[in-house]
Amino acid sequence: LHSASTASSSSIGAGQLKMSSAVGFVGLGIMGEGMAARLLSEGVAGSSDKPLVVWNRTPSKCDALQSKFGDKTVVIKGTAREVVEACGVTYCMLSTPEASRAVFEGDDGVLAGVTEGKSVVDCATLAVEDMVRMDKAVTEKGGKFLEAPVSGSKVPAATGALIFLCGGSKSVFDDIVDGGLKAMGKASHFLGDDVGCGTRAKLVVNSLMGTMVAAYGEGLALAESCGLDGSKMIEIIGQGAIASPVYALKGPKMLVGDHAPNFPLKHAHKDMKLASDLAKENGVEFTVMDEAEKLFKRAREDEDLGVADEDFSAVFERIHEESTSDFSKERMAKRKKTDS
């Protein structure tokens, strides 16, 4: 674990934090940055008697949040363990299963700070077995655990429009549903005491979303390759029964090759692969979703194309890369010329 230097935007010292009132946040990446900001802007945390206590693997992210909210009480800790030790409830939002495990299980990680009465709310999208393992580890130390993966990307995180899919401790859910979850999201669903149900719901949603964007990309590629106007087709699609917010949002950007990351393709593929594995475990016919996952995998692994860190809409570029139409060849030639 990397450490950040301890600092705060007020005179509060480490020993003055009230465990029952301070709110913790671990992980200030693409999603966590916006989520933590909502806790501050909506007054859930950030006062002198209820500070927001943060840690991130890249310390500059903590400094940036503190600077942005100079009028709020934001305390930066040197380790994830110290965040949990200082707070009653700690939210965690890490980008990958590998990062989540390292931050959770490290010597100075989240679990190391858990004692009787602590609550951990993990908002990452992981495998079901990861969530079950974390729940067992937290509860064995006397803490409480709520899995709360989110549906939504960078903009919904920043605007408080996420959808929380929760499982585990009902008491933790009840404690935060009208506070932290309401500040960060537009809806919160408690799916059961069984840890893993929230993750299963999230994998269903994200595998469907990725498959939709893959199919949409193939449709747009076909339209333009056979001489139709892509923008006009987006308009037509938006007027019919298959209209979708994700199509309306991604379509125009896909046509011009704007894939600034809101939800990186590598993370979308990770979720789709987890969903495919889940389908196999449950004996579900998943051919369409599996083929979409394979397309995303090829896009992620194509180092020459270089779209793994771009938005998941960049699967569109892989579609054109694999196509042999004159339109696709011309588009990819322009992209390579621009990249060079």
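Residues numbered from 1 in each chain as written. Predicted model: local features only at pLDDT ≥ 70, side-chain atom pairs only at ≥ 80, totals over all residues. Heavy atoms only, no water.

1. Examining the overall build of the chain
Then, in step 1: Secondary structure summary: the chain contains 15 helices and 10 strands in total.
Then, in step 2: Whereas a compact globule of 340 residues would reach a radius of gyration of roughly 20 Å, the chain reaches 21 Å, a difference of no more than 12%.
Then, in step 3: Expressed as lengths along the three principal axes of its C-alpha atoms, the size of the chain is roughly 65 × 45 × 35 Å.
Then, in step 4: Buried residues in the chain amount to 53% of all 340 residues.
Then, in step 5: Taking the contacts inside the chain whose residues are at least 6 apart along the sequence as the reference set, 73% of them involve residues at least 24 apart.
Then, in step 6: Here the chain has roughly 15100 Å² of accessible surface; of this, 53% comes from carbon and sulfur atoms.
Then, in step 7: Taking the 39 positively charged and 48 negatively charged side chains of the chain as two groups, their mean positions are separated by 3 Å. (Helix = DSSP H or I, 4+ residues; strand = E, 2+ residues; numbered from the N terminus. Rg over C-alpha atoms; globule rule 2.2 N^0.38 Å. Buried < 20%, exposed > 50% of the residue type's maximum accessible area, 1.4 Å probe, protein only. Contact = heavy atoms within 4.5 Å. Areas by Shrake-Rupley, 256 points an atom, 1.4 Å probe, with all protein chains shown as cover. Lys, Arg positive; Asp, Glu negative; His and termini not counted. Charge placed at Lys NZ, Arg CZ, Asp CG, Glu CD.)

2. A look at the confidence of the model for the chain
Then, in step 1: On average, residues of the chain score 94 in pLDDT, and 94% of them are at 70 or above.
Then, in step 2: This stretch, residues 1-18, has a pLDDT under 50; its non-local contacts, to residues over four places away or in other chains, come to 47 contacts. (pLDDT = per-residue confidence, 0-100.)

3. Section: the pattern of salt bridges
Then, in step 1: According to the stated counting rule, one finds 25 salt bridges in the structure shown.
Then, in step 2: For the salt bridge of D277 with K273, the shortest nitrogen-to-oxygen distance reads 2.8 Å. Taken as a pair, D277 and K273 lie in helix 12 (residues 265-281) at a separation of 4 residues, close to a single helical turn.
Then, in step 3: Under the relative-accessibility criterion, K273 is labelled partly exposed at 35%.
Then, in step 4: Between R318 and D302 there is a salt bridge, with the nearest N and O atoms lying 2.6 Å from each other. In this pair, R318 sits in helix 14 (residues 315-322) while D302 sits in the loop between helix 13 (287-301) and helix 14, placing the two residues 16 residues apart along the sequence. Considered together, R318 and D302 belong to a single accessibility category, that of buried residues. (Salt bridge = Lys/Arg side-chain N within 4 Å of Asp/Glu carboxyl O.)

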